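# What the coordinates show
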Amino acid sequence: MSGGLGPDPVLPSPGDHLRHAERLALLERVWSNRRGLVGQLTAVNHSTIAMRFIVTGFAFLLIGGMLSMFIRLQLAWPGLQVLDPERYAQFVTMHGTTMMFLFAVPIMEGFAMYLIPKMLGSRDLPFPRLSAFGWWCYLFGGLFLYSSFLFGSVPDGGWFMYTPLTDATYSPGKGADFWLIGVTFAEIAAVTAAVELIVAILITRAPGMDLTRMPVFAWAVLVTAFMIAFGFPPLILASLLLEIQRAFDFAFFEVARGGDPLLWQHLFWLFGHPEVYIIFLPAAGVVSMVVPTFARRPIVGYTWIVLALVATGFLSFGLWVHHMFAVGIPLLALAFFSAASMMVAIPTGIQVFAWIATLWSGKPWLRVPMLHIVGFFVVFVCGGLTGVMLAFVPFDWQAHDTHFVVAHLHYVLIGGLMFPMFAGLYYWLPLASGRMPSESLSRSGFWLVFIGMNLTFLPMHLTGLVGLPRRVDSYAMELGVHWLNLVSTAAGFVLAVGVIAILIDVALCFVLGRRAEANPWQAGTLEWALPRPVPAYNVASVPEVGDRYPLWHRPAIADEVTRTDGLLGEAHDGRREILGTGIQSARPEQVIRVSTSTWWPLLAALSIGVLLTGFITSQYWLSVLMLGPLLGVFLVWAWTTGDRHAPASIEVAPGLTLPTQAAARNAPGWWALVATLLIDGSLFASLVFAYFYLWLNAPAWPAGGAQLAAWAPTLAAFAALMVPLLSAWAAPRALRAGRRGTAIAWQGVALVAGAAFLALHLPAIWQSTGAPQVHAYASVVWTLAGFHAVHIVVAMLIGGFVALRIHRGHVDAVRSLESRVAAGFWRYAVGQGVVAWGVLHLFPRWL
């Protein structure tokens, strides 16, 4: 291999081909899933899990689409009785919820999970168990939500679940609980995928693939994963607060006890508006991969596109009030958010012009994937223009809550997601199936979708401007929009037929399609260097990359990835291994041993499912009882993660020896901790936001007859909280010096200090604040203190776990990763505690 990272080319000896065959057979055996039903239940390989995400996402698409057909039938003509008002509200709620939470985000995560390791020249994602756990949570969460039909408690508060409509007074049944618990359960998949993808993209790229050579799709997924890390926690927090209010009579959103229903809207749209771009950015990444291939030239403005992706992700968090122009926001704030809403068109425009410039300067080849890209250009640009119109506050006030908004939403989401998704589906279908799709059926499917989509939603702009309100099941004939609604309904069925035709075409391709030749689109990126069918280990040897389109400039790389004489060409000790590289330089740094097939992800998801079942049935004893098994499952999961008997270093190629991850500085476990704490920090920040928001709307603070806690116990608690900082500094130092007993003792000191903090702080809160049901002040104080207390307990568990690992000899001076993780979590828990302590005890005294 040229470049000096791998072995020098040598003449093959007579036995080389036999050794090569043995190595391939071993790789195949090590990386394959187990056979039979057990193999399906225990699989963790990224290709298997990703295909499950994609298939499950399409299944929910069909279910959500079927609901929309009933909605359209109801609206086809005034006075029809296809659905009664209650069922209509339920179908509208479940349609929106399904499309936003069970289809759009999971399916793009499926694409990312399948493609990212292949594009980066890696064998798998760094945390296969986490991927499998996420899919089980997604599946169970979706089933949990839809089981509401079986119990006659279907959510009907809209996919945005505005309060007070969804509190216990106005939604007394279990419908809202099914939504809150089911969606939160499914969203575990989103945050686990975010952690997985961030770490994978940062540290498992092929040698030579530095940040400036990374495929645009990987950049889009990386930005999206960070957006999920910051954007999903507000929704998770809002769901938890509302469920706590419904189950335990807290008062976050109840005006009579100091709460504010607008708090829900702020938290929901803090998630909701970035959600649009969380859906769009991976789709834009697909466009940036398809366009250069069919233009037959590198993409124009690579750097500008990457900057535009980052800028879009950043700006999207400043737009949440864009959805609240009509709720009584001050005019200055309206002006700011109106301007911010229009600014996001700039980075989006940069990407669109870069794609057009690439096509303009290339030699475009109009195959089916490009046909869907053309559809994307037309539909998404129209949706973007109506978005700019809605960014104007006076226009938004006129069009608010009408079908104009429905039309805009669908133009953006279908244009920004569905057409790029179908383009990507057809583009990578030969890679996944080894076969080519039917050209005639696939083109027919495109035209049915394109025509059906435009005829369905274009008339809604007119019906909305005339004044047809959204979320109502009927309208007056005098409004004069019945013919337009009839056209929309008929076209909706054309759209549905088109979607079904495409899915049938894709399914048939796996069985009846003609066999695809190698790299049928003549693409330049690394995934097309893989053989077909793609082996479970992706690459026999990890390739070295020299530019953004390695296949265009070095076609021999397709042969190199099938040979076993390159980097990591051997399955050492019969273990699954992937190569870890530097974040910026992409130079080889470590060998990451990952999990084989296992039951733990399924058992963990099942335990959570039973716990939540106890919650929704109000059998709280069952939920409490499940905490033990759930904790046990995760402890065994952690104990068996990686390879605790792995050597400190491994020779990955002649002359190149690398540490295994437990001994490496940039270990995936460390970066997973960082990404997880970003998510948790966003959750905590959202809770602090809720505290100050309620404060700003209260006449006095503390309120509801509560008092501030006395100084003495709170200062003593603060002092106890500081002790683990010392342990977090001393324990790793003692371990590095080989003093294992001292390191264990410091873990014990932190554990005792954590227990002392809880024993001092929580009683002080109780004596000053009283029961959390009294007032919104008590509710939010208890929630903030409880949130931090949970982190102290988790830190104590991690510390005890690491102490046991040190005692058993699995953690030592060289393999110190787990000790560093424990120290890092303690620092975070203490830092969070300092902020929480200041918010609860200092700010009310000073302000």
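A quick note: this is a predicted structure, and the numbers were derived from the prediction, not measured. (Residues numbered from 1 in each chain as written. Predicted model: local features only at pLDDT ≥ 70, side-chain atom pairs only at ≥ 80, totals over all residues. Heavy atoms only, no water.)

The subject of this paragraph is the packing of aromatic side chains. Counted by the stated rule, this structure contains 64 aromatic pairs. Here the aromatic rings of W447 and F450 are separated by 6.0 Å at their centres, their planes lie at 90 degrees, and the arrangement is edge-to-face. In this pair, W447 and F450 both sit in helix 15 (residues 439-466), three residues apart, roughly one turn of the helix. Among the residues examined, F450 registers a relative accessible area of 17% and is labelled buried. Above the face of the W670 ring, R820 is positioned so that its terminal group lies 5.5 Å from the ring centre. Directly above the ring of W711 sits R845, whose terminal nitrogen or CZ lies 4.1 Å from the centroid. (Phe/Tyr/Trp six-rings, centres within 6.5 Å; stacked < 30°, edge-to-face > 60°. Helix = DSSP H or I, 4+ residues; strand = E, 2+ residues; numbered from the N terminus. Buried < 20%, exposed > 50% of the residue type's maximum accessible area, 1.4 Å probe, protein only. Lys NZ or Arg CZ within 6 Å of the ring centre and 35° of its normal.)

Residues R665, R733, R736 and R739 make up a contiguous surface patch of positive charge. With respect to the secondary-structure elements, R739 resides in the loop between helix 22 (711-736) and helix 23 (740-769). (Patch = residues over 30% accessible without salt bridge, like charges linked within 9 Å, V, L, I, M, F, W, Y side chains within 5 Å. Areas by Shrake-Rupley, 256 points an atom, 1.4 Å probe, with all protein chains shown as cover. Salt bridge = Lys/Arg side-chain N within 4 Å of Asp/Glu carboxyl O. Lys, Arg positive; Asp, Glu negative; His and termini not counted. Charge placed at Lys NZ, Arg CZ, Asp CG, Glu CD.)

Within the fold, H372 resides in helix 12 (residues 368-391). Given the relative accessible area of 0%, H372 is considered buried. If we ignore the near neighbours within four places in the chain, the residues touching H372 are F419, F422, A423, Y426, F446 and I502. (Contact = heavy atoms within 4.5 Å.)

To continue, consider empty space enclosed by the protein. Summed over all chains, the structure comprises eight cavities of 30 Å³ or more. Around the largest cavity sit 14 residues that line it, and E109, L197, T224, I228 and P282 are the ones nearest its centre. Listed by contribution, the elements that provide at least two residues to the lining of the largest cavity are helix 4 (85-120), helix 6 (175-203), helix 7 (216-248) and helix 8 (262-295). Grouping the constituent residues of the lining of the largest cavity by class yields 12 nonpolar, one polar and one charged. As a volume, the second largest cavity reaches approximately 70 Å³. In this structure, the second largest cavity is lined by R213, M214, P215, V216, S288, M289, I299, Y302, T525, R548 and Y549. Looking at the lining of the second largest cavity residue by residue, the class counts come to seven nonpolar, two polar and two charged. (1 Å grid on protein atoms, 1.4 Å probe; cavity = no way out; pocket = protein on both sides within 12 Å on 5 of 7 lines; lining within 4 Å. Points joined across faces, edges and corners; volume = space filled by probe spheres on them. Nonpolar A, V, L, I, M, F, W, Y, C, P; charged D, E, K, R; others polar.)

Burial runs high along strand 1 (residues 576-581): six of the six residues are buried. Every second residue of strand 1 is oriented toward a common face, with R576, I578 and G580 on one face and E577, L579 and T581 on the other, all of them buried. If you look at the hairpin formed by strand 1 and strand 2 (residues 588-594), you'll find six residues sitting between the two strands, and A586 has a positive phi there, around 60 degrees. (Pairing = 2+ DSSP bridges.)

The α-helix advances 3.6 residues per turn, and as a result positions three or four apart in sequence lie on the same side. Here helix 6 contains 29 residues, and its C-alpha end-to-end distance of 43 Å stays within 8% of the 42 Å for a straight helix at 1.5 Å per residue. The largest bend along helix 6 reaches roughly 25 degrees and is located at A186. (Expected span 1.5 Å × (residues − 1). Bend = angle between axes of the 7 residues up to and from the residue.)

In contact at an axis separation of 11 Å, helix 6 and helix 19 (residues 600-616) are set at 165 degrees when each is read in the N-to-C sense. Accordingly, the angle class assigned to the pair helix 6 and helix 19 is roughly antiparallel. For the pair helix 6 and helix 19, the sense of crossing is right-handed. Judged by residue contacts, D177, F178, I181, F185 and I188 of helix 6 engage A605, I608, G609, L612, F615 and I616 from helix 19. (Axes fitted to C-alpha atoms, helices over the stretch in contact; angles between N-to-C directions. Parallel < 35°, antiparallel > 145°, perpendicular 65-115°, else oblique. Left-handed = near helix turned anticlockwise from the far one by under 90°.)

Mapped onto the fold, L371 is located in helix 12. As a C-alpha pair, L371 and H20 span 351 residues in sequence and 42 Å in three-dimensional space. Apart from residues no more than four positions distant in its own chain, L371 is found in contact with L366, R443, F446 and W447.

This paragraph deals with the nonpolar core. Where a protein is soluble and globular, its nonpolar side chains tend to be buried together. Grouped together as the largest cluster of nonpolar side chains are 274 residues, with contacts concentrated most on W179, W264 and Y691. Discounting residues that sit within four places of it in the chain, Y691 has contacts with W701, Y777, V780, V781, L784, V839, L840 and P844. Among the nonpolar cores identified, the runner-up in size contains nine residues, and W639, L735, V802 and I806 belong to it. (Core = buried A, V, L, I, M, F, W, Y, C linked by side-chain atoms within 4.5 Å.)

Taken together, the side chains of L62, I500, I504, L508, F510, V511 and L512 make up a nonpolar region of the molecular surface, amounting to roughly 640 Å² of accessible area. For the nonpolar patch, the element with the most residues is helix 16 (residues 482-512), which contributes six residues. Inspection of the secondary structure puts L512 in helix 16.

So, about the packing of helix 4 against helix 5 (residues 128-146). One way to put it is that helix 4 packs onto helix 5 with a least axis distance of 12 Å and a crossing angle of 165 degrees. Taken together, helix 4 and helix 5 sit at an angle that is classed as roughly antiparallel. In the crossing of helix 4 with helix 5, the sense of the turn from one axis to the other is left-handed. Listed contacts from helix 5 to M94, T97, T98, L102, P106 and M113 of helix 4 are S131, Y138, G142, L145 and Y146. Considered class by class, the residues forming the contact of helix 4 with helix 5 number seven nonpolar, four polar and no charged.

Right, let's get into the environment of V344. Looking at where V344 falls in the secondary structure, it is placed in the loop between helix 10 (331-343) and helix 11 (345-361). On the accessibility criterion, V344 (6% relative accessible area) is buried. Setting aside its immediate chain neighbours within four residues, V344 contacts Y277, T312, L315 and L319.

Summed over all chains, the structure comprises 15 salt bridges. Linking R246 and D177 is a salt bridge whose minimum nitrogen-to-oxygen distance equals 3.0 Å. One end of the pair, R246, is in helix 7; the other, D177, is in helix 6, with 69 residues separating them in the sequence. A single burial state applies to R246 and to D177, both of which are buried. In this structure, R367 engages E439 in a salt bridge whose closest nitrogen and oxygen atoms are separated by 3.5 Å. Of the two residues, R367 sits in the loop between helix 11 and helix 12 while E439 sits in helix 15, which places them 72 residues apart along the sequence. E439 gets classed as partly exposed once you look at its relative accessible area, which sits at 29%. Via salt bridges that share partners, D249, E254 and R257 belong to a single interconnected network.

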